[in-house]
Every structure is written in C-alpha cells, then in structure tokens.
Amino acid sequence: MATLHGGQLSRVAKQYQIPEQEWLDLSTGIAPFSYPIPKIPTHIWQNLPTITDSLVNAAKAYYKAPYCWPLAGSQQLIEKLPELWNCKVAELNNIPLKEKHAYLPKVGYKEHQQAWSKAGYRLHFYQQSLPCDIQQNSVVVVINPNNPLTDAFTIEQLKQCQELCAQQQALLVIDEAFADIFEPEFSFIYHLTDLNDITYQEHRLDQISENVIVLRSVGKFFGLAGLRIGFVCSSQEWCQTVQENIGPWSINGPALFITEQVLKDKTWQVTQKMRLQQQSKVMRSILEIHFVGARIEANALFITVFLNQAADVYHQLCEQGIYVRLTDENDSLRFGIANETQLKKLQLALIKVISY
Ligand SMILES: Cc1ncc(COP(=O)(O)O)c(C=O)c1O
C-alpha cells in the first residue's frame with residue numbers, strides 16, 4: 001500500500017467538500033517562502049538535460065561535500081538503494097545474502113521503511129538511541145533531524161554508529177532532508193573528511209568511508225518541492241554507482257538550471273534561514289498559547305504538537321479548511337511553517353478549535 005503523506009490537498013478537499021483554493025495547506029515541511037524562479041533560457045527547454053561540472057561544483061560548495069551527485073529528489077535514491085546495496089553485498093560476499101536486516105527509526109519518514117521492507121529486509125526499529133548491535137551487511141537509516149519529531153543525533157553518536165557499521169560491513173544512510181536550516185557542522189557531510197573546505201587533498205579523499213550515504217533535499221528549504229531534485233553526498237565510488245544506475249535524464253533541465261542558481265545564492269540562503277527561524281518562533285508561541293501544556297517540538301521548517309486527541313483536532317482544523325499533517329502514530333499534528341498571512345488565518349481558525 002502507498003505510504004500516506006502530507007501535501008494531498010485534493011483528496012482532503014474532496015473529503016471535506018471545501019474547494020481547494022479555500023484551504024490553508026500546512027501539511028508539509030516545505031518552506032512557505034520559495035526561491036524566485038529565474039528566466040529559463042530556451043535552450044534549456046530544447047536540449048536534453050546535462051549534469052554539468054558547474055552544477056556539481058555548486059552542490060559540492062553548498063553541501064561542503066567531497067563528492068555528490070544529483071537525484072530526482074532524495075526519494076529517488078531511497079527507493080533505489082535496496083537494489084544497489086544488495087548488489088554491493090553480493091559482490092562483497094560472492095553470493096547474495098540469505099538474511100537481510102535494516103534498522104530504522106520507529107517514528108520518521110516512512111518511505112525508508114517501505115523501500116527496505118519491499119526488498120525483503122527484516123526491519124528493526126529504534127528511537128532515542130542508535131542501534132548498538134547490528135547484523136553483518138545490514139543497513140542503518142537515520143533521519144537527521146527527524147521528521148516529524150525534530151530531534152537529532154550528534155556527530156559523535158553518528159560517528160560511533162558509522163564505526164559499528166564499518167565493523168559489520170553495514171551501510172549507514174543519513175537522511176538530511178531538513179538539514180539546510182542548520183549550520184554546515186550539523187551535517188555529517190561536513191565530517192566525511194577532516195578538511196572543511198572544498199580544496200580536498202587526494203589522499204584524504206581516498207579515505208572517505210564507503211559505508212556512509214547522506215541524502216539531501218532541495219525542495220524543502222528552497223520551497224521548490226515541485227522541482228524534484230536532491231543530492232547524494234558520499235564516497236566517489238557510491239556517487240559513481242548512483243550515477244550509473246539512475247539513468248541519464250531523470251532530472252529535467254529547468255530543475256538543474258534553477259538548482260545551480262539556488263545553491264550559489266548565498267544572500268538568499270541567509271535571508272531564508274533567518275525568516276524561517278523567525279516565523280517558526282512566532283508560530284510556536286501562537287501554538288503554545290492555544291495548546292496550553294502540550295508538548296511542542298519545533299524547527300525552522302515544521303512544528304509538531306503532541307495531543308491526546310490529535311485526530312479530533314485534525315478533523316476540527318480540516319472542517320475550517322486548515323490542512324495539517326496528522327502523524328502516522330495519530331498522537332500529534334505537524335504544522336508546516338506559515339507565512340504572515342497564513343498565520344493570521346491559522347490564528348482565527350484556532351479560536352474555534354477545542355483542544356484537550
Ligand atoms: C525525511 C524526508 N526524507 C526525504 C524526503 C523526500 O524528499 P525529496 O524526494 O523531495 O528530496 C522527505 C519528504 O517529505 C522527507 O520528509
């Protein structure tokens with residue numbers, strides 16, 4: 001069965017019989033301020049898309065990555081990874097594995113779980129602490145920061161996990177779809193080498209661990225989810241494997257063109273970070289006033305409110321044309337950050353919502 005996500009306004013609008021244009025959609029963690037789309041030259045539409053060195057270099061500089069490669073959203077590799085990892089493991093062992101294990105956060109973006117489960121992996125769940133006992137050739141998935149919980153593991157914790165994965169010839173996948181709101185040091189990419197600029201020395205690059213893959217999403221922070229573009233940051237060999245296996249044209253030319261600009265535009269990135277943080281703060285205080293005493297976890301891209309009757313509050317909000325994400329556990333509501341106008345609409349709606 002397909003996993004349920006936010007961003008399914010047509011379905012919800014039909015269910016509540018409110019025209020789509022009357023809704024306030026806060027059901028995703030996509031920034032409400034999006035990068036202004038530049039004029040796209042005609043040749044970009046006319047020619048087949050090419051992944052240029054200048055795009056890859058812009059991404060390396062933005063992510064502080066020794067190696068990276070674009071994807072049609074990080075989702076593309078989430079779905080493809082089990083197949084690629086199975087091939088790697090078969091090469092390592094000369095035969096395919098009989099028992100396959102994947103360790104995943106109990107609460108978190110469910111597409112990882114879906115992909116490994118489909119590929120026949122036995123799933124093990126963790127939450128507060130990373131698994132410390134793992135099977136050989138297994139996979140550990142970390143969502144950092146977690147969506148929807150917002151919590152994050154430290155670099156030390158991730159390094160320990162990486163060490164454990166190396167001992168067991170296991171793969172560590174770190175999904176950093178929401179990491180753009182933090183400083184570069186937050187990202188595991190920054191720690192893939194000991195050097196923190198992009199003038200890496202060859203011998204250091206050889207030492208990048210083969211067992212870590214970091215996934216990044218362009219859609220969320222830049223407010224351009226429709227572009228469908230993300231990046232994998234890893235060793236050169238992994239980037240090569242991905243490149244060879246995703247086909248030549250899965251990301252369209254306009255998306256590649258726009259992405260190069262957004263990754264290079266430092267001024268816009270600084271402004272975006274500041275206004276998202278500011279807006280998240282204001283919105284959090286409004287939610288705190290309404291949901292008195294509720295546990296609220298926030299970052300600059302979404303806010304999660306834990307409630308005894310989350311499903312009921314979700315329903316009350318929907319009745320007023322406010323669409324938020326009821327989490328899979330049915331114990332919380334995740335609110336995407338609202339811009340000023342949207343926030344006013346949300347405040348008015350909240351007055352009529354009875355919370356428990
Ligand atoms: C934690 C997480 N990872 C990955 C994705 C996939 O994002 P994309 O394919 O747009 O990069 C999402 C989408 O919501 C997500 O929440």
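None of these values were measured; they are calculated from a predicted model.

**Side note on the site of the ligand**
Taken together, 13 residues form the shell around the ligand, and within it Ser 74, Asn 147, Asp 175, Ser 217 and Arg 228 come nearest. A distance of 3.1 Å separates an oxygen atom of the ligand from a polar atom in the side chain of Lys 220. Contact distances for the ligand include 2.8 Å between an oxygen atom and a side-chain N or O atom of Arg 228. In the complex, the protein chains occlude 90% of the 400 Å² of accessible area that the ligand would expose alone. When residues in the shell around the ligand are grouped by element, the largest group, three residues, is from helix α4 (residues 74-93). A breakdown of the residues in the shell around the ligand according to their chemical character gives five nonpolar, five polar and three charged.

**Regarding the side chain of Ser 187**
For Ser 187, the position within the fold is in the loop between β6 (171-175) and α7 (202-205). A polar contact of 3.4 Å, which involves the side chain of Ser 187, links it to the side chain of Arg 216. Contacts of Ser 187, omitting those with residues within four sequence positions, involve Ile 155, Glu 176 and Arg 216.

**Let's talk about the environment of Val 140**
Structurally, the position occupied by Val 140 is in strand β5 (residues 139-143). Separated by 22 residues in the primary sequence, Val 140 and Gln 162 have C-alpha atoms spaced 9.1 Å apart. In contact with Val 140, not counting residues within four places along its chain, are Tyr 103, Pro 131, Ile 134, Cys 161, Cys 165, Leu 171, Leu 172 and Val 173.

**A word on the packing of aromatic side chains**
Applying the stated criterion across every chain yields a total of 15 aromatic pairs. For the pair Tyr 35 and Trp 268, a centre-to-centre distance of 5.0 Å together with 70 degrees between the ring planes defines the contact as edge-to-face. Separated by 233 residues along the polypeptide, Tyr 35 in the loop between β1 (24-25) and α2 (42-46) and Trp 268 in helix α10 (residues 266-290) bring together distant segments of the chain. A single burial state applies to Tyr 35 and to Trp 268, both of which are buried. Between Phe 221 and Trp 268 the ring centres are 6.4 Å apart and the planes differ by 80 degrees, which places this aromatic pair in the edge-to-face class. Here Phe 221, found in the loop between β7 (212-217) and β8 (230-233), pairs with Trp 268, found in helix α10; they are 47 residues apart in sequence, far enough to count as distant. Judged by its relative accessible area of 1%, Phe 221 is buried. Three or more aromatic residues joined by ring pairs make a cluster, and in this case those are Tyr 35, Tyr 62, Tyr 63, Phe 221, Phe 222, Phe 231 and Trp 268. Geometry around Trp 238 places Lys 88 over its ring, the cationic atom sitting 4.5 Å from the centre. Of note, Arg 334 hangs over the ring of Phe 302, and the distance from its end group to the ring centre comes to 5.8 Å.

**Structural notes on the sheet that holds strand β12 (residues 325-326)**
Spatial ordering of the open sheet is given by β9-β10-β13-β12, a layout of four strands whose pairing is antiparallel. In this open sheet, the two edge strands, each paired with only one partner strand, are β9 (295-298) and β12. Where β9 and strand β10 (residues 302-306) come together, four bridges link them in antiparallel fashion. Bridging from a neighbouring strand, Ile 296 pairs with Val 305 of β10. Set on the sheet, helix α11 (residues 310-319) makes contact with β12 and β13 (332-336); between it and β13 the angle comes to about 40 degrees.

**Describing the domain arrangement of the protein chain**
As far as domains go, the protein chain holds domain 1 (9-35 + 268-351) and domain 2 (44-264). Its C-alpha centre places domain 1 at a distance of 28 Å from the equivalent point of domain 2. Listed per partner, the contact involves 24 residues of domain 1 and 26 residues of domain 2. Contact with domain 2 buries surface across domain 1, with Tyr 35, Gln 269 and Lys 273 losing the most and accounting together for 30% of the total. Joining domain 1 to domain 2, the criterion identifies eight residue pairs in polar contact (both at pLDDT 80 or more). At the level of elements, α10, β9 and β10 are the ones that each hand at least two residues to the side of domain 1 that touches domain 2. Looking at the side of domain 1 that touches domain 2 residue by residue, the class counts come to 11 nonpolar, eight polar and five charged.

**Brief notes about the packing of α4 against helix α8 (residues 236-245)**
At their nearest, the axes of α4 and α8 sit 11 Å apart, and the two run at 110 degrees to each other. When the interaxial angle is binned, α4 and α8 end up roughly perpendicular. Of the two possible hands of crossing, α4 and α8 adopt the one that is right-handed. From α4, Leu 77, Lys 80, Leu 81, Leu 84, Trp 85 and Lys 88 reach across to α8, where they touch Glu 237, Trp 238, Thr 241, Val 242 and Asn 245. When grouped by side-chain class, the residues that make up the contact of α4 with α8 number six nonpolar, two polar and three charged.

**Some thoughts on the pattern of salt bridges**
For the coordinates displayed, the defined rule picks out 11 salt bridges. With a shortest N-O distance of 3.8 Å, Glu 183 and Lys 273 are connected by a salt bridge. Linking Glu 183 in the loop between β6 and α7 with Lys 273 in helix α10, this pair joins segments that are 90 residues apart in sequence. We classify Glu 183 as exposed; its relative accessible area is 51%. Linked by salt bridges that have partners in common, Lys 110, Arg 325, Asp 328 and Glu 329 make up one network.

About the cut-offs
- Residues numbered from 1 in each chain as written.
- Predicted model: local features only at pLDDT ≥ 70, side-chain atom pairs only at ≥ 80, totals over all residues.
- Heavy atoms only, no water.
- Near = heavy atom within 4 Å.
- Polar contact = N/O pair within 3.5 Å; in protein donor to acceptor, adjacent residues only side chain to side chain.
- Areas by Shrake-Rupley, 256 points an atom, 1.4 Å probe, with all protein chains shown as cover.
- Helix = DSSP H or I, 4+ residues; strand = E, 2+ residues; numbered from the N terminus.
- Nonpolar A, V, L, I, M, F, W, Y, C, P; charged D, E, K, R; others polar.
- Contact = heavy atoms within 4.5 Å.
- Phe/Tyr/Trp six-rings, centres within 6.5 Å; stacked < 30°, edge-to-face > 60°.
- Buried < 20%, exposed > 50% of the residue type's maximum accessible area, 1.4 Å probe, protein only.
- Lys NZ or Arg CZ within 6 Å of the ring centre and 35° of its normal.
- Pairing = 2+ DSSP bridges.
- Axes fitted to C-alpha atoms, helices over the stretch in contact; angles between N-to-C directions.
- Domains from an automatic or database assignment.
- Buried area = accessible area lost by both parts, 1.4 Å probe.
- Parallel < 35°, antiparallel > 145°, perpendicular 65-115°, else oblique.
- Left-handed = near helix turned anticlockwise from the far one by under 90°.
- Salt bridge = Lys/Arg side-chain N within 4 Å of Asp/Glu carboxyl O.

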